[in-house]
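Spelled out, the chains give:
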Amino acid sequence: MNRKLFCALSFLAVVLMLVAACGGPAATQTAAPTPKPAEPTKAPAPAEPTKAPAAPTATTAPAGPKAGGTLVFATSIDVPSLEPHLEAADAWHRRKALIYENLTWVDNDVVVKPALAESWEIKDDTVYTFKLRQGVKFHNGKEMDAEDVKYSLERVLDEKVGSAGRGDLIMIKSIEVLDKYTIRITLKEPTGPFLAALAGRYNAVIPKDSAPDGNALRRTAIGTGPFMVQEFVPAQRLVLVKNPNYWDKGKPYLDKLIIQVVPDEQTALAGLRAGTVDMVGIEDAKNFLMVKDDKNLVATRTPAIKIDTLELPADVKPVDNIKVRQAILLALDKPAIMQAGVMGLGQVIGGMPPAMKYWALPPEQLPNQKRDVAKAKQLLAEAGYPNGFNLKLRTIVGYATMAANAPVIAANLKDVGINVSIETVDLGVWIEDWRGLREPVTLNAWGGFTDPDLLYYRHFHTPPLGMDFRRWKNAKADELLDKGRSTVDPAKRKPYYDELQKLMAEDPIMIPLYSADLLNVMQPYVKGYVQHPSGWYYGFAQTYLAK
Amino acid sequence: MTKYVINRLLTMIVSLFGVTIIVFLLVRLIPGTIVEQMLGTEALTSYESVESLRRYFGLDQPVYIQYWEWIRRVLVGDMGISWRTSVPVVQFILSRLPVTLELTTVAIITALAIGVPAGVISALKQNSWLDGVARLLALAGLSIPVFWLGTMAVLVLSLAFRWAPALEFVSPFTDLGANLHMILVPGICLGTVSAAVIMRMTRSSMLDVIRQDYVRTARAKGLSQQAVITGHALKNAIIPVVTVAGLQVGWLLGGSVVVEEVFTLPGIGRLVLWAIYQRDYPVVQGTVLFIAVMFMTLNVVVDILYAFLNPRIRYD
């Protein structure tokens, strides 16, 4: 009797589980071969926060900013060290924006603005004389002056120090301290992106002689920014407190900002619901979709300057033929790829992402952006592959968006006869091949640069001045990049980069797929946070708690 | 007995050396090193700075030299520093160890508190509906992955009770209430799977024992069921369960990684995982060695306990 009962109960349990799994709304996210995008994404959509209206920097909220309070911000990405010139992790650069400052910064509209330098004069396109802000104090009380700036920039440029920021400042010929608050930087030749390069991720101003080696500033920080480091526990949390001597009086409003590492985003969202977490930076689009309609929370999307791409190196058969590259671009259904990759929470792009504002050309102005299977097949036939060919596509372990993009790309290319097999490698292997200039056709995720030269020069210019990671060896691209770099007036630089974007669409050595939006979810009393398109946390300096 | 213990300890030391060699080699087999992790894809790095970093970490030396450099320091108690964060490895481990120990303790207590009584009842009431339900639950416990259970617990508790895993670990000595609030749920999740294993072991062991002649004799003597069970049967039935429980603790130390990730507990499981992703070799090697020492010591203790509980093997 009991044996039968046991079997019956087991069977019932299994049946219940099957029903639960198969029934219900399909909240699944497996990329179907030809998924329909949720909304047609033709033009890049502007930032659409679902609750609060998108308020740019100056908030005129009815009840003005209130000082005080502690904000707990949860993110799944941790930070190994706090070194301002040596730590390369992007997660650190996001936080660094609150602790350290540079001579300049690039604002939310990707325009260079003064930071520690109050103003500057440019003579002969190569001599920059900066007047520094006076009365700025480091977190240790010392006043910032020109000697500190000289020390910091020279440290970055020092080959022995090994900062990755050296490439940003390589155009500097000399740095002279004229007086306590004036510093003159002379460049080797006119360089358009110089002011943006000064705002770069590695070029923070630190006190003179504060970093005799690479360890001094790894676990503490001495910057000039709105927040100071109170406590840093690697892989766990960073506790920041208000800098009472911050030069922008009144800011920051928060007394304390705790950046907590919560590896599981579900746990972070649980914290939001329970009230132990005030704001979450979401990396996985699926989790955003779970909370964006929650009436108790505020969810925001912000266009970013990062891009997901498909790389077609020019010396890998058969993509060494330009017609094959064009065919591949024409075969792609970018909205579908974006739907699979980030649930549609992004912008389909053809060149630069729309968050690059002034510099970006929308996809409508670029050739080869509309999917055209017939034309793709024709191009393949002309190239000598009427029956298609086999292609290995590389992705990186742990990059969920790549894992989602790849099958859709494979399905798209199958329509034109290309059989894609996906090869997944470890990040270390991928980096070795990439830097060794021998990577195959691969997916990639990069960007985050605030000037078109910083974005493109190193990637596409031939050696020795660039790296030409994809072995393009394109003389026209070299010419445009050189002209864009050596021109200082942005209005005169723009035509070169417009032409470069068109060239890159004509000869798709790198196919930009989409730019994923930056996603945040917060309690309704968190006000004033505006997400910077680089992903960095500048916005916390203006954030206050309305409770 | 003393000879037995000394023998076990010597075996343990030899095994530990084996563990260090295996971990040392395995972690170096993973493609990529800390240099790539540190420099990232975007850095403009000349070949020279990559090479100088490799030299700094000793990665250009032959493997056996690297091993010797590391092991000779470990033998005098110096486990080195984390390559990624410059925190001394011993300090790193000790800061995370209490969490995992507490988590594992709660888990094994849960497992025993649920598993042993369930197993006993199941055995005594064999083939009744009670037994059937208990066995079904045991099957469920064995089949359900811990990470699913943990994620579901977080989801359900947060939606229903607005409960969330705590962000910062509070020591039980500082605030017992807060500590229990954050360690009970993950501990129980982790313990549930173990409970199933222990329940089944208890049940089968108990079934074996109550069929023995001496139990029948005890009953015939007129002892109450309670006295028979606790006085005679359980004492013998519990022996294999002790061994299994000891092995379970080893499993729990490893399975704690998942629970620590889901519930944001700063334990050594998460530390090892993080260190592997970062290719932070000293931390990986140090932590695994630490866990191995704990696990092997535990095994020796269990073996001694076993000998103590079972006089029959005491004098081998």
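Structure: see above.
Rules used in this analysis
- Residues numbered from 1 in each chain as written.
- Chains lettered and ligands numbered in written order.
- Predicted model: local features only at pLDDT ≥ 70, side-chain atom pairs only at ≥ 80, totals over all residues.
- Pairing = 2+ DSSP bridges.
- Helix = DSSP H or I, 4+ residues; strand = E, 2+ residues; numbered from the N terminus.
- Right-handed = clockwise from strand over helix to strand, strands pointing away.
- Contact = placed C-beta atoms within 7 Å.
- Nonpolar A, V, L, I, M, F, W, Y, C, P; charged D, E, K, R; others polar.
- Buried ≥ 20, exposed ≤ 12 C-beta atoms within 10 Å, placed from the backbone.
- Core = buried A, V, L, I, M, F, W, Y, C linked by C-beta atoms within 7 Å.
- Axes fitted to C-alpha atoms, helices over the stretch in contact; angles between N-to-C directions.

This next bit is on the pairing of strand β15 (residues 389–396) of chain A. Residue and element names in this part refer to chain A. Examined bridge by bridge, β15 and strand β16 (residues 418–425) share eight bridges and lie parallel to one another. Bridging from a neighbouring strand, Ile396 pairs with Val425 of β16. Handedness of the crossover joining β15 and β16 through helix α10 (residues 400–414): right-handed.

Let us look at the interface of chain B and chain A. On the chain A side, the residues contacting the 42 residues of chain B number 40 residues. Of all the secondary structure elements, the ones that give two or more residues to the side of chain B that touches chain A are α2 (34–39), α3 (47–56), α6 (129–143), α7 (146–161), α10 (225–262) and α11 (268–278) of chain B. Residue composition of the side of chain B that touches chain A, by class: 19 nonpolar, 16 polar and seven charged.

What follows is about the environment of Gln37 of chain B. All names here are of chain B. Among the structural elements, Gln37 can be located in helix α2. Look at Gln37 and you get buried, because 20 C-beta atoms sit within 10 Å. The spacing of Gln37 and Val133 is 96 residues in sequence and 51 Å in space, taken between C-alpha atoms.

Relative to the assigned elements, Asn7 of chain B resides in helix α1 (residues 2–29). A C-alpha to C-alpha distance of 19 Å links Asn7 of chain B and Asn310 of chain B, two positions 303 residues apart in sequence.

Let us now look at the nonpolar core. Ranked by size, the top nonpolar core spans 226 residues in total, and within it Leu257, Val280, Ala327 and Ile337 of chain A together with Ile198 of chain B carry the most contacts. In this structure, Ile198 of chain B is in contact with Ala111, Leu112, Gly115, Val116, Gly119, Val241, Val244, Ala245 and Gln248 of chain B, ignoring residues within four places of it in sequence.

Let us now look at the sheet that holds strand β19 (residues 518–522) of chain A. Adjacent strands of a sheet pair through backbone hydrogen bonds, lying either parallel or antiparallel. All names here are of chain A. Within the open sheet, the seven strands sit side by side as β8-β9-β10-β1-β11-β19-β12. Their pairing is mixed. Among the strands making up the open sheet, the edge pair consists of β8 (227–233) and β12 (298–302). Going across the sheet, the axis of each strand differs from the next one's by a mean of 20 degrees, ignoring polarity. Pairing between strand β1 (residues 70–75) and strand β11 (residues 279–282): three bridges, direction parallel. Across the sheet, Ala74 pairs through a bridge with Val280, a residue of β11. Sitting on the sheet, helix α5 (residues 265–274) is in contact with β1, β11 and β19, with an inclination near 155 degrees to β11.

Note that all results are geometric; they support no functional claim without further evidence.
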